[in-house]
Amino acid sequence: MSNTHLSMTIEGMTCASCVARIERLVGRMEGVAAINVNLATERADIVLDATAPAEIDAIKAVIHKAGFSATVLPQSSMTGTESEARSPVDSSWVEQLAQRKDREEALLKRDLIVALLLSLPVFILEMGAHLIPAMQQWVETRIGLHNSWYLQFLLTSLVLGFPGRRFYQIGIPALLRMGPDMNSLVAIGTLAAYGFSVVATFFPFVLPAASVHVYYESAAVIVTLILFGRYLEAKAKGRTSAAIQRLVGLQPKEARVLRNGEWQQIALAEVQLDDVLQVRPGERIAVDGILLEGQSFVDEAMISGEPIPVEKVPGSQLIGGTINQQGAFTFKASAVGEKTVLSQIISLVEQAQAAKLPIQSVVNRVTYFFVPAVILLAFITFVLWLVLGPQPALSYALVNAVAVLIIACPCAMGLATPTSIMVGTGRGAELGVLFRKGDALQSLKDAKVVAVDKTGTLTLGRPTMTALETAAGFQRSEVLALIAAVEQQSEHPIAHAIVAAAEAEGLSLPTLTQFEAISGMGVRAQVEGRSVAIGADRFMRSLGLDPSQFEATALRLANEAQSPMYAAIDGKLAAIIAVSDPIKESTPAAVQALHDLGLKVVMITGDKQQTAEAIAKRLGIDEVVAEVLPQDKLEQINALRKQYGAVAFVGDGINDAPALAEADVGIAIGTGTDVAMEAADVVLMSGSLNGVPNALALSQATIKNIHQNLFWAFVYNTALIPVAAGILYPFKGILLSPMFAAGAMALSSVFVLTNALRLKSFKAPL
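Here the structure is a predicted model, which means the values were calculated and not measured.

> Let's hear about the overall build of the chain: which residues, and what values?
Secondary structure summary: the chain contains 27 helices and 27 strands in total. Counting over 766 residues, the chain shows a buried share of 54%. Put simply, 69% of the contacts in the chain that link residues at least 6 apart link residues at least 24 apart. As presented, the chain carries roughly 32800 Å² of accessible surface, and 57% of it is formed by carbon and sulfur atoms.

> Lay out the packing of aromatic side chains in plain terms, naming residues and giving numbers.
Applying the stated criterion to the full structure yields 13 aromatic pairs. Pairing F153 with F202 gives two aromatic rings, centres 5.1 Å apart and planes at 80 degrees, and the pair type is edge-to-face. With F153 in helix 5 (residues 145-161) and F202 in helix 7 (residues 182-202), this residue pair connects regions lying 49 residues apart in the sequence. Given the relative accessible area of 23%, F153 is considered partly exposed. The exposure class assigned to F202 is partly exposed, which follows from its relative accessible area of 37%. Each member of the aromatic cluster is reached from another via a ring pair, and the members are Y150, F153, Y194, F202 and Y216.

> Describe in detail the sheet that holds strand 25 (residues 647-651), supporting the description with residues and values.
The 7 strands are arranged 15-27-26-25-16-23-24 in an open sheet whose pairing can be described as mixed. On the outer flanks of this sheet lie strand 15 (433-435) and strand 24 (623-625), each paired with one strand and no other. Across the sheet, the axes of successive neighbouring strands diverge by a mean angle of 20 degrees, strand direction being ignored. In terms of strand pairing, strand 23 (residues 600-604) meets strand 24 through 3 bridges, oriented parallel. Along strand 24, the bridge assignment pairs I604 with V625. Against the sheet, helix 22 (residues 609-619) contacts strand 23 and strand 24, and its axis sits at roughly 155 degrees relative to strand 24.

> An account of the pairing of strand 26 (residues 665-669) is needed here, citing residue identities and associated values.
Within strand 26, 5 of the 5 residues are buried, which leaves the element mostly enclosed by the surrounding structure. Residue alternation in strand 26 divides its side chains into two sets, V665, I667 and I669 and G666 and A668, and both sets are buried. In the sheet, strand 26 pairs with strand 27 (residues 682-684) via 3 bridges, with the strands oriented parallel. Its bridge partner being in strand 27, I667 is matched across the sheet by V682.

> Describe a nonpolar patch on the surface, and please don't skip the residues or the numbers.
Taken together, L376, L377, F379, I380, V383, L384, L386, V387 and L388 make up a surface patch of nonpolar side chains, about 860 Å² in accessible area. Accessibility expressed as a relative area gives 39% for L386, which makes it partly exposed.

> I'd like a rundown of the UniProt feature "transmembrane region" (unreviewed entry) in the chain, residues and numbers included.
Following the UniProt record, the feature "transmembrane region" (unreviewed entry) maps to residues 112-135, 147-164, 185-207, 213-232, 366-388, 394-417, 710-729 and 735-757 here. Helix makes up 85% of residues 213-232 and strand 0%, whereas the separation of the span's terminal C-alpha atoms amounts to 33 Å. Measuring from the first to the last C-alpha atom of residues 735-757 gives 33 Å, for a span that is 87% helix and 0% strand.

> Go over the side chain of S148, please, and point to the residues and values.
Looking at where S148 falls in the secondary structure, it is placed in helix 5. S148 gets classed as buried once you look at its relative accessible area, which sits at 2%. In contact with S148, other than residues within four places in its own chain, are L125, V139 and I143.

Rules used in this analysis
Residues numbered from 1 in each chain as written. Predicted model: local features only at pLDDT ≥ 70, side-chain atom pairs only at ≥ 80, totals over all residues. Heavy atoms only, no water. Helix = DSSP H or I, 4+ residues; strand = E, 2+ residues; numbered from the N terminus. Buried < 20%, exposed > 50% of the residue type's maximum accessible area, 1.4 Å probe, protein only. Contact = heavy atoms within 4.5 Å. Areas by Shrake-Rupley, 256 points an atom, 1.4 Å probe, with all protein chains shown as cover. Phe/Tyr/Trp six-rings, centres within 6.5 Å; stacked < 30°, edge-to-face > 60°. Pairing = 2+ DSSP bridges. Axes fitted to C-alpha atoms, helices over the stretch in contact; angles between N-to-C directions. Patch = residues over 30% accessible without salt bridge, like charges linked within 9 Å, V, L, I, M, F, W, Y side chains within 5 Å. Salt bridge = Lys/Arg side-chain N within 4 Å of Asp/Glu carboxyl O. UniProt positions renumbered as here; feature names shortened; annotations may be inferred.

Pasting the structure below:
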């Protein structure tokens, strides 16, 4: 029996402690096998126990009780093992999410403007009087000190009661549930400053005379600054999820389909398998299919990362979402809905973005206890200042305790990892690199050796005529046409390659009148009255012909692991021919790029030793392991791991599935429907090896970015909490105002998001 996967959106999360709280509460429920909550995507992915799964309503109730709201995602529930991919993203949900983000951003902008307009007079009245002596005199003579306090009370009450009420609506219930979060810290801090100020304004007689002072400006400005930080976060978060929105946007809304003998414009969701569709120049292809009539060039850059348009002729595979550049054509739908390549790509990107790297689990464990620890530290700070501080001790105690509460909000910690993952995997999708499993981002950067399969990875994977050199007195086109006419009779892949070469050059093949296969030697035939013989050098010698005139060419071909054949026409040696599996044009640069990244490159192939070594020599590959069966590749990967460290294996995802699964990171090279290869951790949409160094470099850049974010978040909190508590006061007389603490806290989150967004400009090595 398989586990069931469930995905939910979670509203109301503000920091890493929220994530940790939900994971802790839901994770210990009966019937929940695993849970992963992502702050940046506001999503929870839950694995339900196969034997006795928890009720969905029960899970939602637990989340609601924790102070958050949960909505089950469309098509989110499916059966399968935990390692299996979830179902593709529902595009309507993605659009709803984007709309919700837009509404949230608009609401924050409105509240920020209101808070700013109300807080500014409070800040000027109070801080202006402190900073500018003439301002203090003007306030006392023109307004009056107590009148100034009454005005500040009114304006601050409006700030806290309207734009700032979100902090109290969420933070205070969370505190009462013994699950305080960032909102709780803000609520305690601002209410402490506001409450003290109210007492000082209306009941000054209950306070020591030296402590009668107001801190309205701290409460009002803290709310304003944190709203400013939230607003910037919302804008940045929208940009981090832009990759999925852009991919969803590739799907056209409608398609032109042949129904009842007429072309009809219908909604994309109504297109069915085997429907015949029409595409005009400049239009997006609606779904995956096979071209029936017409020809064109199609821009597949957003799918494969390759900028050059691909020629499409009858029989060619078409990918939904790509752009038809020139020429109209019709095609038959071969995959619709969630089965299309684009849907699978969206699913893979979204799955990787929602993933949790091992490093994030450590962060969440720390932050679960962080907020309660901060509240305890703030209380200790208050007591120490009250007992040991100078007069007015109560004022000092309050201000420093509030500063500790505000500076310590762990927003930056919660955003440090998921935002980098979102931007990094999104940038990878743009380059045609799909991280099928999010943790591949972290493990790929640790690879010490890249093991590559030869056929279909380093090479094209199909025989191609790579050489044809004619003797004096013979024309290339004439010789190729005659040879291809003979080879048409053979089913051998080498024969197919020669015929394909003739067809590619537009040659018309003459008629064959007689054909004879000579075992172990070659073939002989009559083609429109001309005798043609094709075979090895010994066949030519048996015919009394000397192939030595091609000796230099034959030697070069042998060094390149290409086996030469010869052709004789009308009793004369006419040409030397070679058919081989040629190296892809992109391979040499890709191997060099891997070396530049400090990696060792090893070829593992079932091909002959001589052929493999010849190719390795041309490409500068470090080691060759040849003549191995698919099952033996596992042993070779383990041996490489023991010798060098973590191994990334690159293969075609079908024959190499065991090796892809065994490697620390499996990288599948494939196009089109190969995107769904289950064994790989990373899928390269183009058939080019260039994606491997690009994926490695992106992995290194993303993990480096995460480390920068975490360093900033942790160092910032650990360094500034003691400063906020007043540790520098005995030495330098320095205290951190709660207002500056709020500003610094907001900027910390903005720094993390901005740093993550730098990955959008990642430049691939190739």
